[in-house]
Amino acid sequence: MPSKESVFNEKFQKPIVFWGMATCLLAFAMSFLPPLYLWIKYHVLPGAGYIVAGFALIFAYSGPLWFVEPLAYFPILGVPGTYMSFLSGNISNVRLPCSALAQEAAGVEEGSREGAILSTLGIGASILVNILILTVGVGLGAELVGNLPAIVHEAFKYILPAIFGGVFGGFVTRDFKLGAVALLLAILALKADLFPIWITIPLCVFGTVVIGAKLHNRKVGPPER
Amino acid sequence: MEREYLAIANDFGFWVIAVILVLIVVFQSVLFMRKAWSTGLEIGLEAKQMKAGLRSAVITSLGPSFAVLIGMVALVALIGAPLAWMRLSVIGAVMYEGYAAECGAQVLGTTVGAGDYGLVGFANSLWVIALGSCGWLLIAGLFTHKLDDLRMRIVGDRQDLLSVISVGAILGAFGFQVSKALVTLSRPAVAAIVGALVMVIMNLVAKHSGKRWLKEWSLGVAMVLGMFSAVFF
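The following refers to the structure shown. (Residues numbered from 1 in each chain as written. Chains lettered and ligands numbered in written order. Predicted model: local features only at pLDDT ≥ 70, side-chain atom pairs only at ≥ 80, totals over all residues. Heavy atoms only, no water.)

**Considering helix α3 (residues 48-88) of chain A**
Along an α-helix, a turn takes 3.6 residues, which lines up residues three or four apart on a common side.
Argument step 1. End to end, α3 of chain A covers just 28 Å across 41 residues, shorter than the expected 60 Å (1.5 Å per residue, more than 12% under).
Argument step 2. In the segment just after α3 of chain A, G89 of chain A is the residue with positive phi, at about 75 degrees. (Helix = DSSP H or I, 4+ residues; strand = E, 2+ residues; numbered from the N terminus. Expected span 1.5 Å × (residues − 1).)

Given below as structure tokens:
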């Protein structure tokens, strides 16, 4: 009988890497279609200088995140989850919580092969729900949103911190000490205000990971050499 | 009104482009989920477990998807319906797209939707939106499989470290987000604290009562109570 690792690699990981790469690169090329269409059909093209200047503005914010985010979120998302999340977007507010919670609800070890399976299912479900709601909403959205009671509108302003707090609370029970470390690290980084966000995020993630591994090693004994 | 660029922004051609891109995402999700399901069964996961994971994700994603919808309605007014729908289904993020569109307008000395914004401004916004986020797709497409090699090399034969690393990454990433809310010492802090407390309590109840299904609902309930507590605070 083939081992779990070889089944996972042959039947799952390999086709996922092929299709993940193919879909992401295809979408990369196709994401330029809207401005190209406007150029070809309506002959509207801003001068190259304007495009570059606008790009420079946004790049100052997003450029470093292109590299840092896949790296920082990979331990949670896994291989398929990374392809899916960076293709579909809305990562910190939807994909990461759904990935983490699906692994938790199924009772599998985060980051294990089983974890990658559950992360895939959780993120996939969240993507389909998201697209379904937006597709219905693109027709009815303005009316639907306009008719919401004021208090619901107000409450949705705070959904992000509520989600973030919820995910944090869901995992802090595994290791309260590490949770305190994570908060302390982040509050210090935010208060000191020395770094741009693209340093602060990996600093918080990898700082917590390293300290977590050290605490774990102290518990189970040092790694054997 | 000067907003005639919006008539073009709702052009049928943009709908065609948007549908194709959204279909790529749906294709990828369905393909990956099917493979995950069959492989999961083969490596010893139970259908029951995987269904619990699926249900938890559906419940959890409802709230934030609705929040994205609210953001989309605002974005529709700026860049038209097809592209707003596309950007928030593919690659985009609700906080990001409006800012990217604004960057495109700013360098022309205008602002999105202003009188002198027009088609050229709209075109520049579209270029900046596309260029500004293309890197995520490129990096994820080219290097994701390398990240797994890297992680496996770091972990070596210490498989127990895998979950330690993942839980550390979750606490680190969300600890940062929670701290951003906490330092406001205001309503966002209330939302984060209530969300966290509800989650802790629901997990404890799930554990001690043996009602595992509570975990599927926990984050959905935590976010609703968190966001409304912030309003009533």
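**Description of the interface of chain A and chain B**
Argument step 1. Counting from both sides, the interface comprises 151 residues of chain A and, opposite them, 140 residues of chain B.
Argument step 2. Summing both sides of the interface, chain A and chain B together bury roughly 13,200 Å²; the carbon and sulfur share of this comes to 80%.
Argument step 3. Summed over the three residues of chain A that lose the most area to chain B, namely W66, L121 and L134 of chain A, the buried surface amounts to 5% of that side.
Argument step 4. The partner of D148 of chain B in a salt bridge is R113 of chain A, and the shortest N-O contact between them spans 3.6 Å.
Argument step 5. Summed over the shared surface of chain A and chain B, the result is 24 residue pairs in polar contact (both at pLDDT 80 or more).
Argument step 6. The element best represented in the side of chain A that touches chain B is α3 of chain A, accounting for 28 residues.
Argument step 7. Classifying every residue of the side of chain A that touches chain B gives 103 nonpolar, 35 polar and 13 charged. (Contact = heavy atoms within 4.5 Å. Buried area = accessible area lost by both parts, 1.4 Å probe. Salt bridge = Lys/Arg side-chain N within 4 Å of Asp/Glu carboxyl O. Polar contact = N/O pair within 3.5 Å; in protein donor to acceptor, adjacent residues only side chain to side chain. Nonpolar A, V, L, I, M, F, W, Y, C, P; charged D, E, K, R; others polar.)

**Considerations on empty space enclosed by the protein**
Take a probe with the size of a water molecule and roll it over the atoms, and the empty space left behind shows itself.
Argument step 1. A full pass over the atoms with the stated rule returns two cavities of 30 Å³ or more.
Argument step 2. Space inside the largest cavity adds up to approximately 60 Å³.
Argument step 3. When residues of the lining of the largest cavity are traced back to their parent elements, those giving at least two are α2 (33-42) of chain A together with α4 (81-89) and α6 (118-155) of chain B.
Argument step 4. For the lining of the largest cavity, the per-class residue count stands at eight nonpolar, one polar and one charged.
Argument step 5. A volume near 50 Å³ is recorded for the second largest cavity.
Argument step 6. Within the residue set of the lining of the second largest cavity, elements represented by two or more residues are α3 and α5 (113-146) of chain A.
Argument step 7. By residue number, the principal contributor to the lining of the second largest cavity is α3 of chain A, which donates five residues.
Argument step 8. For the lining of the second largest cavity, the per-class residue count stands at five nonpolar, six polar and one charged. (1 Å grid on protein atoms, 1.4 Å probe; cavity = no way out; pocket = protein on both sides within 12 Å on 5 of 7 lines; lining within 4 Å. Points joined across faces, edges and corners; volume = space filled by probe spheres on them.)

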